[in-house]
Amino acid sequence: MKLGVIGTGYVGLVVGACFAESGNDVICVDVDEKKVRQLRRGIVPIYEPGLEELVRKNLKEKRLTFTTRLKDAVDEASVIFLALPTPANEDGSADLRYVLDVAAKIGKLMRKPRIIVTKSTVPVGTAEKIREVIRRETDIEFDVVANPEFLKQGAAVADFMSPDRVIVGTRNPESARIMHELYKPFMRTSDRFMLMDERSAELSKYAANALLATKISFMNEIANLCERVGADVDQVRRGLGADPRIGAQFLFPGVGFGGSCFPKDIKALTKTSHEVGYEFRILKAVEEVNQQQKIRLVEKAQAYFGSLRGKKFAVWGLSFKPRTDDLREAPSLAIIHELVKRGANVTAHDPVAIKNAKELLGRMVTFFDNYYDALKGADGLFLVTEWNDFRHPDFDRMKTLMRTPVIFDGRNIYEPELLKQHGFTYFGIGR
Ligand code: NAD
């Protein structure tokens with residue numbers, strides 16, 4: 001099939017490369033000329049495991065092409081995926097500007113029937129809005145399908161290639177058939193294709209992200225309670241997760257959630273509820289808990305040192321989670337801003353996100369390519385993102401490098417007892 005993917009970010013590039021890998025001809029469109037130039041040469045400007053190999057292979061096979069011209073995709077592709085940003089507006093609602101602008105342009109350019117598919121996370125009712133916008137521009141037949149994306153950054157290619165479920169919202173049987181054909185290669189052992197109406201498909205994505213974020217804030221509250229009652233959240237977590245109705249995944253307390261999705265999607269769902277006169281109370285609490293949790297480690301440091309003025313702290317891990325270079329809403333940013341605000345100096349290391357971090361933090365932080373170097377003369381270490389690189393460091397070496405051996409472990413990756421034996425003062429979350 002000939003496909004178009006509009007927007008080649010974390011989602012669009014994976015979608016384009018994976019559909020090309022399953023034998024389709026895919027035209028990827030982006031307004032960012034520099035990105036398109038790089039992609040044409042097989043250079044993937046983001047860090048996502050396995051993606052660059054896939055892009056290069058399919059470029060070579062000529063199944064994957066990159067352009068800044070939307071017209072090329074609209075002329076050639078019968079199915080056009082929109083993988084455009086839907087950031088939060090100031091009032092929390094999802095900004096549909098990118099999606100609706102491109103929809104209108106597609107309407108103007110369309111010369112043959114097309115299926116337009118939303119991959120972006122969009123509020124309930126967006127498929128209808130897109131339909132209206134396109135209808136204003138053309139009399140040619142088209143359909144709009146809601147197909148939210150559930151991939152996880154850091155494992156995006158694997159997730160797309162082997163999805164838990166593929167949710168497709170459409171009432172048009174022919175569109176449903178085509179979407180099923182497209183996804184079949186990724187569901188060979190069992191069919192996880194779920195057909196539903198557009199509104200339910202759109203809401204499914206928000207419901208999933210909201211529940212995952214709720215799990216995180218819930219565990220952070222349990223962790224905060226553990227500290228006050230003398231329980232160990234790691235043991236509580238194991239006890240909880242053994243119940244199959246609860247499940248063991250996503251029960252890790254930490255420094256709060258970040259990323260480009262959970263924070264904005266929670267805001268957008270709250271706003272959607274508000275607009276229909278429903279107050280989604282849990283979501284408000286989930287967000288509040290998360291805001292506080294992001295700086296809990298800094299408060300622990302403040303309580304321990306008295307004042308943070310003039311102190312030097314090293315931060316290990318900057319991306320919002322391991323295996324990505326994405327810093328959008330990363331807890332590390334809140335922690336660093338708070339440390340600096342309280343008068344501390346900050347050094348930092350991340351295996352892949354330093355370039356992006358420099359753009360956001362500039363001279364607020366001294367960056368090091370080696371994580372041990374960041375520790376020189378530090379009064380404490382903040383472990384913020386649990387990259388595997390940090391799991392088994394040389395504690396004795398760390399101790400000799402630091403001025404005072406104190407660790408604030410934002411992901412509970414170290415054993416408190418072991419660190420004590422090495423002469424460290426240890427602070428975790430909920431233990
Ligand atoms: P992103 O910012 O990484 O990528 C968006 C891309 O769209 C950028 O390359 C940008 O240059 C391009 N773009 C902007 N305007 C354009 C235009 N008019 N024409 C062509 N290209 C244009 O965003 P992302 O993380 O890929 O997210 C895209 C959507 O997918 C969002 O709605 C997001 O909520 C959703 N989503 C994201 C994830 C994730 O893990 N990142 C997962 C599931 C769903």
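Residues numbered from 1 in each chain as written. Predicted model: local features only at pLDDT ≥ 70, side-chain atom pairs only at ≥ 80, totals over all residues. Heavy atoms only, no water.

A.B. asks: Which residues make up the overall build of the protein chain, and what values go with them?
C.D. replies: Looking only at helices and strands, the protein chain has 17 helices and 14 strands in total. Compactness check: the protein chain gives a C-alpha radius of gyration of 23 Å against a globular reference of 22 Å for 431 residues, within 12% of the reference. Along the longest, intermediate and shortest principal axes, the C-alpha atoms of the protein chain span 70 × 50 × 45 Å. A buried classification covers 53% of the 431 residues belonging to the protein chain. The long-range fraction of contacts in the protein chain, counting pairs at least 24 apart against all pairs at least 6 apart in sequence, stands at 73%. (Helix = DSSP H or I, 4+ residues; strand = E, 2+ residues; numbered from the N terminus. Rg over C-alpha atoms; globule rule 2.2 N^0.38 Å. Buried < 20%, exposed > 50% of the residue type's maximum accessible area, 1.4 Å probe, protein only. Contact = heavy atoms within 4.5 Å.)

A.B. asks: Report on unusual backbone geometry, specifying residues and quantitative values.
C.D. replies: When glycine is set aside, most residues are seen to have a negative phi, and most peptide bonds are trans. Phi is positive for Lys62, close to 65°, though the residue is something other than glycine. By the element assignment, Lys62 lies in the loop between α3 (51-60) and β3 (64-67). Take Lys62: its relative accessible area is 67%, and that puts it in the exposed class. Even without glycine at this site, Arg323 takes up a positive phi of about 65°. Locating Arg323 in the fold gives a position in the loop between β9 (312-316) and α14 (331-341). For Arg323, a relative accessible area of 40% puts it in the partly exposed group.

A.B. asks: An account of the side chain of Asn24 is requested, with residue identities and associated values reported.
C.D. replies: Here Asn24 shows up in the loop between α1 (12-21) and β2 (25-29). In this structure Asn24 comes out as buried when scored by relative accessible area, which is 7%. A polar side-chain atom of Asn24 sits 3.2 Å from the main-chain amide nitrogen of Met1. At 3.3 Å, the side chain of Asn24 and the side chain of Ser22 are in polar contact. In this structure, Asn24 is in contact with Met1, Leu3, Phe19, Arg63 and Leu182, ignoring residues within four places of it in sequence. (Polar contact = N/O pair within 3.5 Å; in protein donor to acceptor, adjacent residues only side chain to side chain.)

A.B. asks: Lay out empty space enclosed by the protein with the relevant residues and their values.
C.D. replies: Overall, the coordinates contain two cavities of 30 Å³ or more when judged by the stated rule. Put simply, the largest cavity is a space of about 40 Å³. Elements with a minimum of two residues in the lining of the largest cavity: α11 (262-275) and α12 (281-294). With four residues, α12 is the single largest residue contributor to the lining of the largest cavity. Its residues placed into classes, the lining of the largest cavity shows two nonpolar, two polar and four charged. Of the pockets and cavities examined, the second largest cavity occupies roughly 30 Å³. Around the second largest cavity sit Thr118, Ser120, Val122, Ala146, Asn147, Pro148, Ala201 and Glu202, which together line it. Along the lines of polarity and charge, the residues of the lining of the second largest cavity split into four nonpolar, three polar and one charged. (1 Å grid on protein atoms, 1.4 Å probe; cavity = no way out; pocket = protein on both sides within 12 Å on 5 of 7 lines; lining within 4 Å. Points joined across faces, edges and corners; volume = space filled by probe spheres on them. Nonpolar A, V, L, I, M, F, W, Y, C, P; charged D, E, K, R; others polar.)

A.B. asks: Please set out the side chain of Glu202 residue by residue, giving values where relevant.
C.D. replies: Relative to the assigned elements, Glu202 resides in helix α9 (residues 198-229). At 2.7 Å, the side chain of Glu202 forms a polar contact with the backbone nitrogen of Gly125. Ignoring anything within four residues of it in the chain, the contact list for Glu202 reads Val122, Pro123, Val124, Gly125, Thr126, Ala127 and Ala146.

A.B. asks: Any chance you could break down the pairing of strand β5 (residues 114-118) for me, citing the residues and the numbers?
C.D. replies: Counting buried residues in β5 gives five out of five residues, a clear majority hidden from the surface. Going residue by residue along β5, you find Arg114, Ile116 and Thr118 tucked away on one face and Ile115 and Val117 tucked away on the opposite face as well. With respect to chirality, the unit in which strand β4 (residues 79-82) leads through helix α5 (residues 97-109) into the neighbouring parallel β5 is right-handed. For β5 and strand β6 (residues 142-146), the ladder comprises five bridges, and the chain directions are parallel. Across the sheet, Ile115 pairs through a bridge with Asp143, a residue of β6. Crossover β5 to β6 through helix α6 (residues 126-137) is right-handed. (Right-handed = clockwise from strand over helix to strand, strands pointing away. Pairing = 2+ DSSP bridges.)

A.B. asks: Please set out the site of the ligand residue by residue, giving values where relevant.
C.D. replies: Around the ligand there are 27 residues in total, and Asp30, Lys35, Thr86, Gln153 and Lys264 lie nearest to it. One of the side-chain nitrogen or oxygen atoms of Lys35 is found 2.5 Å away from an oxygen atom of the ligand. Thr86 has a polar side-chain atom sitting 2.6 Å from an oxygen atom of the ligand. Across the complex, the protein chains shield 88% of the 830 Å² of accessible surface that the ligand would expose by itself. (Near = heavy atom within 4 Å. Areas by Shrake-Rupley, 256 points an atom, 1.4 Å probe, with all protein chains shown as cover.)

A.B. asks: Give me the domain arrangement of the protein chain: which residues, what numbers.
C.D. replies: Along its sequence, the protein chain is carved into domain 1 (2-196), domain 2 (205-292) and domain 3 (295-427). Once you take the C-alpha centre of each, domain 1 and domain 3 turn out to be 38 Å apart. Of the roughly 670 Å² buried between domain 1 and domain 3, counting both surfaces, carbon and sulfur atoms make up 46%. Considering only the side of domain 1, the residues that lose the most area to domain 3 are Tyr10, Tyr47 and Gln153, jointly responsible for 76% of the buried surface there. Where domain 1 meets domain 3, there are five residue pairs in polar contact (both at pLDDT 80 or more). (Domains from an automatic or database assignment. Buried area = accessible area lost by both parts, 1.4 Å probe.)

A.B. asks: How would you explain the sheet that holds strand β10 (residues 345-349) if you had to name every residue and give the values?
C.D. replies: One open sheet holds the six strands; their spatial order is β11-β10-β9-β12-β13-β14, and the pairing between them is parallel. Pairing within the sheet leaves two strands with one partner each, and these edge strands are β11 (365-367) and β14 (425-427). Averaged over all pairs of adjacent strands, the angle between their axes in this sheet comes to 20°, without regard to strand direction. Note: strand β13 (residues 406-409) against β14, three bridges, orientation parallel. When the sheet's bridge partners are listed, Val406 is paired in β14 with Thr425. Strands in contact with helix α13 (residues 296-305) are β9, β12 (380-383), β13 and β14; relative to β13, the strand with the most contacts, it is inclined by about 155°. Of the strands in this sheet, β10 and β11 touch helix α15 (residues 354-361), which is tilted by about 160° from β11. (Axes fitted to C-alpha atoms, helices over the stretch in contact; angles between N-to-C directions.)

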